[in-house]
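Okay, here's what each chain looks like letter by letter:
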Amino acid sequence: MTPPQLLSIALLLGMMVLFIWGRFRYDVTAILALLAGIALGLVKPDHAFSGFSDDIVIIVGSALVISAAIQRSGLIERALAGVTRRVTRVRSHLLLLTGTVGIASGLVKNVGALAMLMPAAFQIAKKDKTSPSVFLMPMSFASLLGGLTTLVGTSPNIIVSRVREQMTGKPFGMFDYLPTGVGLLVAGLVFLRFGYRLLPRDRRAAPTMGEALDIEGYVTEARIGPDSQAIGETVAAFVERHDEDVTITGVDRGDLHVSVDGALTLQEGDTLILSGDPAALERVIAGDALELAGQDRDVPDAKDREEDQIGVVEAVVTAGSVLVGQTASRMRLQQRYGVNLIAVSRAGQRLTHKLGETALRNGDVIVLQGPLSLLPERMRDLGSLPLAERALRLGSSRRGWLPVVILAAAMIATATGYVPVAVAFFAAAGLTMASGALPLREAYEGVEWPILIMLGALIPVSDTLRTTGASDVIATGLAHVAATLPPWGAVALILVAAMAVTPFLNNAATVLVMAPIAAVFAHDLGYRPEAFLIATAIGAGCDFLTPIGHQCNTLVFGPGGYRFGDYARLGAPLSLLVVIIGTPLVMWSWPLQ
């Protein structure tokens, strides 16, 4: 080997050691590797930042924005809600969740699909009176398998497509991964349906500060609009349809306060006094097309702050607050303070009157809506203290089907070859923000910036294997090992090698390193490269052994209360299943000759 080749391999080995050590976060490790590559002369300064303009970075970032928009729409949660009412067993719920996340992972990036469905998993676990850990790790593994079905499902698929384009002039298409991906997904779902018992049942996450507050009895008011399915429904049927997650404590019809009983029929224009936790109230209001009181009232200061984002905050009314003994109507909160009162919680008491007519007391917990930059100042003026921060969607608007329509248009455009994948998904992300389907603040929060930094930094680092010729040397060595193996053994060798490296190096980094090696490896053996590139993507995308190799596993690690070794308990047999089933599937879908 030449000195540059040795330096390139040493650089990647050193980077792998840093990944395993975990002293620095993966994006910082990638930055250090890039700086080392420049210092050693392996990466030219004018090429050092080329990775940040690569299509991979654009596609991954755009897919995360689109995923956040679909998650915010609540469509998947509402679709699952109708099914879960008919399914009562834990194993059936598990199959429903893993199947849904597996399919969704082929449409949007798998980490985004998992994030969309995690709230539903927590709701179902609560109804089943079981730990969310029963669902979360199987869902993570299903999202990894589902991501293998399309080009945009996972980063490894995007990267190997680029490598194929560099070799043959033709990238993989959107659905070229479907035959192998669907086969592995189906096999994985069957395994998870029965194999979830390998997980410990006592795993639970530590409660967050927001959960520790345990504020559930919020009361808000919402008006039944002309398109609401609550019209003509009795109060009892309404509550039952929503699984008793909310209750109706009062109904105002015109100027009359109607007595509430289960047989009362709801009418268009009725104002409902609803009680429940914020998440349940938000689901009911959005799902039934109810109009949240105060949500659309003009906020005077907002007119002068058009660039500001409208948000909500939880606060407690203190003893010296000007709100004590006052109602929102009497205080003229909108006109004087520029905020709207949209919910109230009072311990030990069931509120039945409209919010504007409810006299507030010391200790009441309120939800205020207004410009985010204005809310801290107004809470101080009102003498209320903000509570521990937690995500509240109550009072935020949803755009329903719009994000799904935009995503579908992007998928069709890429599948037909009308526009490149990067352009289509970048345009889709831009449209979701421009249309208001996703506020700018949430869009930027939805992007996993450390992942993009890591990708941008590692692309030129991994390319040193090719530019120095080190990938040719490694591939030749592997080819000598595989010379005595049958063709399926050569494919399996690449798949296992990628699967073994990815827990320590991160899935995207693994493909950036392994894909060029696999391509040269196939050439030295006289085979076409497609099967080996697909095997590399499958191996890198199937990290079932640790919580650090893929962000999906990391995402459920804390909420599931898992320990490091729990992943191998369920993941080791699933990894073996992927190798046994994936090897013949790859060879059948992509002939070697």
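Draft legend 1. Seen up close, the overall build of the protein. Across its full length, the protein holds 27 helices and nine strands. By residue count, 55% of the 593 residues in the protein fall in the buried class.

Draft legend 2. How the structure looks around the pairing of strand β4 (residues 271–276). Within β4, six of the six residues are buried, which leaves the element mostly enclosed by the surrounding structure. The alternating pattern of β4 places Thr271, Ile273 and Ser275 on one face and Leu272, Leu274 and Gly276 on the opposite face, and all of these are buried. Across six bridges, strand β2 (residues 246–253) lies against β4 in antiparallel orientation. In the sheet register, Val251 faces β4, and the bridge partner there is Leu272.

Draft legend 3. Fine view of the nonpolar core. Residues Phe135, Phe425, Leu458, Phe532 and Ile538 are the most contacted members of the largest nonpolar core, which totals 129 residues. With twelve residues, the single largest contributor to this core is helix α24 (residues 507–525). Sequence-distant contacts of Leu458, defined by excluding residues within four places in its chain, comprise Met15, Phe19, Ala30, Ala509 and Leu512. In this structure, Ile224, Leu272, Val284 and Val365 belong to the second largest nonpolar core, which totals 26 residues.

Draft legend 4. Structural detail: the pattern of salt bridges. One pass over the structure, following the stated rule, counts eleven salt bridges. Between Glu291 and Arg223 there is a salt bridge, and its shortest N-O distance comes to 3.2 Å. In this pair, Glu291 is assigned in strand β5 (residues 290–292) and Arg223 in strand β1 (residues 218–224), connecting sequence segments 68 residues apart. Residue Glu291 is classed as partly exposed on the basis of its relative accessible area of 35%.

Draft legend 5. Structural view of the environment of Phe172. With respect to the helices, strands and loops of the structure, Phe172 is situated in the loop between α8 (155–168) and α9 (178–195). Assessed through its relative accessible area of 2%, Phe172 is described here as buried. In the structure, Phe172 is positioned 22 residues away from Thr150 in sequence and 9.7 Å away in space, judged by C-alpha atoms. Apart from the residues lying within four places of it in its own chain, the contact partners of Phe172 are Leu151, Val160, Ser161, Arg164, Tyr177, Glu530, Leu533, Ile534 and Trp590.

Draft legend 6. Quick peek at the pairing of strand β8 (residues 365–371). With respect to burial, β8 is a largely interior element, seven of its seven residues being buried. Alignment of strand β7 (residues 340–345) against β8, held across five bridges, turns out to be antiparallel. Directly across from Ser345, in β8, lies its bridge partner Val365.

Draft legend 7. Expanded view of unusual backbone geometry. Of note in the backbone geometry, Arg332 takes a positive phi value of approximately 50° without being a glycine. Locating Arg332 in the fold gives a position in the loop between α14 (328–331) and α15 (333–337). Arg332 gets classed as partly exposed once you look at its relative accessible area, which sits at 45%.

Draft legend 8. Structural context of the packing of aromatic side chains. Considering all chains together, one arrives at nine aromatic pairs under this definition. Ring geometry for Phe49 and Phe52: centres 6.5 Å apart, planes at 35°, overall tilted. The structure contains a cluster of three or more aromatic residues connected by ring pairs, namely Phe141, Phe544, Tyr562 and Tyr567. Lying over the aromatic face of Phe194, Arg193 brings its terminal NZ or CZ to 5.1 Å of the ring centre.

Draft legend 9. Molecular detail of helix α20 (residues 449–462). With 14 residues, α20 extends 20 Å from end C-alpha to end C-alpha; this agrees with the ideal 20 Å at 1.5 Å per step. For α20, a buried count of twelve out of 14 residues is recorded, marking the element as mostly surrounded by other parts of the structure. For α20, the set of buried residues is Pro450, Ile451, Leu452, Met454, Leu455, Gly456, Ala457, Leu458, Ile459, Pro460, Val461 and Ser462.

Draft legend 10. Region of interest: a nonpolar patch on the surface. Side chains of Trp21, Phe24, Val28, Ile31, Leu32 and Leu35 sit close together on the surface and give an oily, nonpolar patch of about 540 Å² of accessible area. Element by element, the count of residues in the nonpolar patch is highest for helix α2 (residues 26–39), at four residues.

Draft legend 11. Here's a closer look at the environment of Ser373. Along the chain, Ser373 turns up in the loop between β8 and α16 (375–382). In the structure, Ser373 is positioned 62 residues away from Gly311 in sequence and 9.3 Å away in space, judged by C-alpha atoms.

Draft legend 12. Structural view of the packing of helix α3 (residues 55–73) against α8. With their axes 10 Å apart at the nearest point, α3 and α8 run at an angle of 155° to one another. The pairing of α3 with α8 is recorded here as roughly antiparallel in orientation. For the crossing formed where α3 meets α8, the hand is right-handed. Across the interface between the two elements, Ile56, Ile59 and Val60 of α3 pack against Ser155, Ile158, Ile159 and Arg162 of α8. Of the residues assigned to the contact of α3 with α8, the class counts are five nonpolar, one polar and one charged.

Draft legend 13. Layout of helix α25 (residues 530–541). For α25, built from twelve residues, the straight-helix expectation of 16 Å at 1.5 Å per residue is met to within 8% by its first-to-last C-alpha distance of 16 Å. Within α25, twelve of the twelve residues are buried, which leaves it mostly tucked inside the rest of the structure.

Draft legend 14. Looking closely at the packing of α20 against α24. Running from N to C, α20 and α24 point in directions that differ by 20°, and their axes come no closer than 9 Å. Relative to α24, the element α20 is oriented roughly parallel. Regarding α20 and α24, the two cross each other, and that crossing is right-handed. Every residue of α24 that contacts α20 at Met454, Leu455, Leu458, Ile459 and Ser462 is listed here: Ala508, Ala509, Leu512 and Val513.

Draft legend 15. Spotlight on the side chain of Thr29. Position of Thr29 among the secondary structure elements: in helix α2. Judged by its relative accessible area of 0%, Thr29 falls in the buried class. Every residue in contact with Thr29, bar those within four places of it in the chain, is listed here: Met15, Leu18, Phe19 and Phe24.

Draft legend 16. Region of interest: the confidence of the model for the protein. Counting all residues, the mean pLDDT for the protein is 81, and 88% of those residues have values of 70 or more. For the protein, helix α10 (residues 209–213) is the element with the lowest average pLDDT, namely 47, and α9 is the one with the highest, namely 94. Low confidence marks residues 302–307, where pLDDT is under 50. Its contacts with residues over four positions away, or in another chain, come to six contacts.

Draft legend 17. Up close: the environment of Thr352. Summarising the element assignment, Thr352 is placed in the loop between β7 and β8. Since its relative accessible area comes to 28%, Thr352 is described here as partly exposed. Here the alpha-carbon distance between Thr352 and Thr249, two residues 103 residues apart in the chain, equals 5.2 Å.

Basis of the calculations
Residues numbered from 1 in each chain as written. Predicted model: local features only at pLDDT ≥ 70, side-chain atom pairs only at ≥ 80, totals over all residues. Heavy atoms only, no water. Helix = DSSP H or I, 4+ residues; strand = E, 2+ residues; numbered from the N terminus. Buried < 20%, exposed > 50% of the residue type's maximum accessible area, 1.4 Å probe, protein only. Pairing = 2+ DSSP bridges. Core = buried A, V, L, I, M, F, W, Y, C linked by side-chain atoms within 4.5 Å. Contact = heavy atoms within 4.5 Å. Salt bridge = Lys/Arg side-chain N within 4 Å of Asp/Glu carboxyl O. Phe/Tyr/Trp six-rings, centres within 6.5 Å; stacked < 30°, edge-to-face > 60°. Lys NZ or Arg CZ within 6 Å of the ring centre and 35° of its normal. Expected span 1.5 Å × (residues − 1). Patch = residues over 30% accessible without salt bridge, like charges linked within 9 Å, V, L, I, M, F, W, Y side chains within 5 Å. Areas by Shrake-Rupley, 256 points an atom, 1.4 Å probe, with all protein chains shown as cover. Axes fitted to C-alpha atoms, helices over the stretch in contact; angles between N-to-C directions. Parallel < 35°, antiparallel > 145°, perpendicular 65-115°, else oblique. Left-handed = near helix turned anticlockwise from the far one by under 90°. Nonpolar A, V, L, I, M, F, W, Y, C, P; charged D, E, K, R; others polar. pLDDT = per-residue confidence, 0-100.

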